[in-house]
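Summary of structural features
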Amino acid sequence: IKTIGVLTSGGDAPGMNAAIRAVVRTALASGLNVKGIRRGFSGLLEEDIVEMDAKSVSDIIQRGGTVLYTARSKEFMTSEGQDKGAAICRKHGIDGVVVIGGDGSFQGAEKLAARGINTIGLPGTIDLDIACTDYTIGFDTAVNTAMEAIDKVRDTSTSHERCSIIEVMGRNAGYIALWCGIANGAEDILIPERYDHNEQRIIDSIVQRKKLGKKHHIIVNAEGIGDSYGMAKRIEAATGIETRATIIGHIQRGGSPTCMDRMYASAMGSIAVDLLCKGASNRVVGYRDGKFVDYDIEEALAMKKDVDQYLYDMAKKLSQ
Ligand code: F6P
């Protein structure tokens, strides 16, 4: 292997730049050439490919977003698009690609691997919804950002003795909501994996806690459940307690990555290049049970994951 490419695909996540930097610098230290493929698979099909040297990744480890930009590509989902992508890699002398993104991006990596381009996937998403790994690049920064925002909402919520519903991202997964719910001491945590749509139970608990003298009621609601504004209206109508909804939104996707995201993303970037140097392909790097590991992409995509039941039950006890 002489030349590798690196791309980011799907939603951006803080720490992606640290991973890109590690890929570039590890590759250069291993005597490889590196090319940056901009705008994910979509940029690959447009041959938006740039040379990367050690300096091109200077001053980015602390920056959120991705300097390579990111996109979602419909064309690359077709077999013609995948053939074209592999041919473009060959044309540019790229014989290995590090793909940083979520499950959808790994499917793209798998298609390139099937066409003779060695690929390694790195889990990059704030949602933590990749089954083969306990850690994804960006999750730590996103939960810290959301946690700080919820603390702020709590201040004003307490002053006004209100109920507040705060909606966090996560697509169909409730990891951000569960972690913030615990870290922020929320009274209720609503996650799609467990929600029973029993709003009356929430209403009863708000009324009950108010009677016990609670000055606020914080509900962390996952995006996968949504309807926070509707929920706020219904709760206010049923309880007579002023209720506000806040959707934190894309703030959770940006910002300077935490130490953990910089560290783990750097390690994963390095490991990806080491794997390519060993001739590995069609693998995803993960972090499980305290160790960095790698799996066949198909095997990784077939894995299932659920929120930790102990943490979920614990959150209920701690919120009493
Ligand atoms: O996957 C990351 C994520 O931020 C999800 O939490 C959210 O559902 C989605 O991306 C939002 O996507 P977009 O930025 O395209 O609106």
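Values in this document were obtained by computation on a predicted structure and should not be read as measured data.

Along the chain, the position of S319 falls in the segment after α11 (309–318). Considering only alpha carbons, one finds S319 and A302, 17 residues apart in sequence, at a separation of 35 Å. Discounting residues that sit within four places of it in the chain, S319 has contacts with G185, A186 and E187.

In this section: the packing of helix α5 (residues 139–159) against helix α6 (residues 175–183). Two numbers describe how α5 lies on α6: the axes approach to 9 Å, and their chain directions differ by 50°. On the basis of the axis angle, α5 is oblique to α6. Of the two possible hands of crossing, α5 and α6 adopt the one that is right-handed. Contacts between α5 and α6 pair F139, A142, V143, A146, M147 and I150 from the former with Y175, I176, W179, C180 and A183 from the latter. In the contact of α5 with α6, the residues fall into eleven nonpolar, no polar and no charged.

This paragraph deals with the environment of N118. Structurally, N118 is set in strand β5 (residues 118–123). Taking C-alpha positions, N118 is 9.0 Å from R283, a pair spaced 165 residues apart along the chain. N118 has contacts with I1, D95, G96, A113, L276 and S281, leaving out every residue within four places of it along the chain.

Residues annotated by UniProt as "binding site: Mg(2+)" (unreviewed entry) correspond here to D103. Its place among the elements puts D103 in helix α4 (residues 103–114). Accessibility expressed as a C-beta count within 10 Å gives 18 for D103, which makes it partly exposed. Residues within four places of D103 in sequence aside, it is in contact with I130 and L301.

Here the focus is the pairing of strand β1 (residues 3–8). Burial within β1 is extensive, with five of its six residues counted as buried. In the sheet, β1 pairs with strand β2 (residues 33–37) via four bridges, with the strands oriented parallel. Each bridged residue has a counterpart across the sheet, and for G5 the counterpart in β2 is K35. Regarding the hand of the β-α-β motif, the stretch spanning β1, helix α1 (residues 16–29) and β2 is right-handed. As paired elements, β1 and strand β4 (residues 96–101) share five bridges and run parallel to each other. By the bridge assignment for β4, G5 is matched with V97.

Our next topic: the sheet that holds strand β8 (residues 217–222). In space, the four strands of this open sheet follow the order β7-β8-β6-β9, with parallel pairing throughout. If you trace the sheet from one side to the other, it starts and ends with β7 (188–190) and β9 (243–247), each paired once. Adjacent strand axes in the sheet meet at a mean angle of 15° when their direction is disregarded. Both β7 and β8 contribute to a ladder of three bridges, which runs parallel. Residue L190 lies in a different strand from β8, and its bridge partner there is N221.

This brings us to the confidence of the model for the protein chain. Of the residues in the protein chain, 100% reach a pLDDT of 70 or more, and the chain-wide mean stands at 97. With a pTM of 0.97, the predicted complex shows an ipTM of 0.98.

The next point concerns the site of the ligand. Every residue lining the ligand is accounted for by G11, T125, I126, D127, M169, G170, R171, E223 and R253. Along the lines of polarity and charge, the residues of the shell around the ligand split into two nonpolar, three polar and four charged.

A few words now on the pairing of β4. Extensive coverage of β4 is indicated by the burial of six of its six residues. Here β4 shows two buried faces, one formed by G96, V98 and I100 and the other by V97, V99 and G101. Two elements, β4 and β5, share six bridges in a ladder whose sense is parallel. Paired with I100 across the strands is L122, a residue of β5.

Let us now look at the nonpolar core. Counting 85 residues, the largest nonpolar core has A19, V23 and I176 as its most contacted members. Counting residues per element, this core draws most heavily on α1, which supplies eight residues.

At Y69, a position not held by glycine, the phi torsion is positive, near 60°. Tracing the sequence through the fold places Y69 in the loop between β3 (49–52) and α3 (79–91). For Y69, a count of 18 C-beta atoms within 10 Å puts it in the partly exposed group. Positive phi, normally seen in glycine, also occurs at N282, with a value near 60°. If you trace the backbone, N282 turns up in the loop between α9 (259–277) and β10 (283–288). Note on N282: 21 C-beta atoms within 10 Å, which makes it buried.

The rules behind the values
- Residues numbered from 1 in each chain as written.
- Predicted model: local features only at pLDDT ≥ 70, side-chain atom pairs only at ≥ 80, totals over all residues.
- Helix = DSSP H or I, 4+ residues; strand = E, 2+ residues; numbered from the N terminus.
- Contact = placed C-beta atoms within 7 Å.
- Axes fitted to C-alpha atoms, helices over the stretch in contact; angles between N-to-C directions.
- Parallel < 35°, antiparallel > 145°, perpendicular 65-115°, else oblique.
- Left-handed = near helix turned anticlockwise from the far one by under 90°.
- Nonpolar A, V, L, I, M, F, W, Y, C, P; charged D, E, K, R; others polar.
- UniProt positions renumbered as here; feature names shortened; annotations may be inferred.
- Buried ≥ 20, exposed ≤ 12 C-beta atoms within 10 Å, placed from the backbone.
- Pairing = 2+ DSSP bridges.
- Right-handed = clockwise from strand over helix to strand, strands pointing away.
- pLDDT = per-residue confidence, 0-100.
- Near = placed C-beta within 6 Å.
- Core = buried A, V, L, I, M, F, W, Y, C linked by C-beta atoms within 7 Å.

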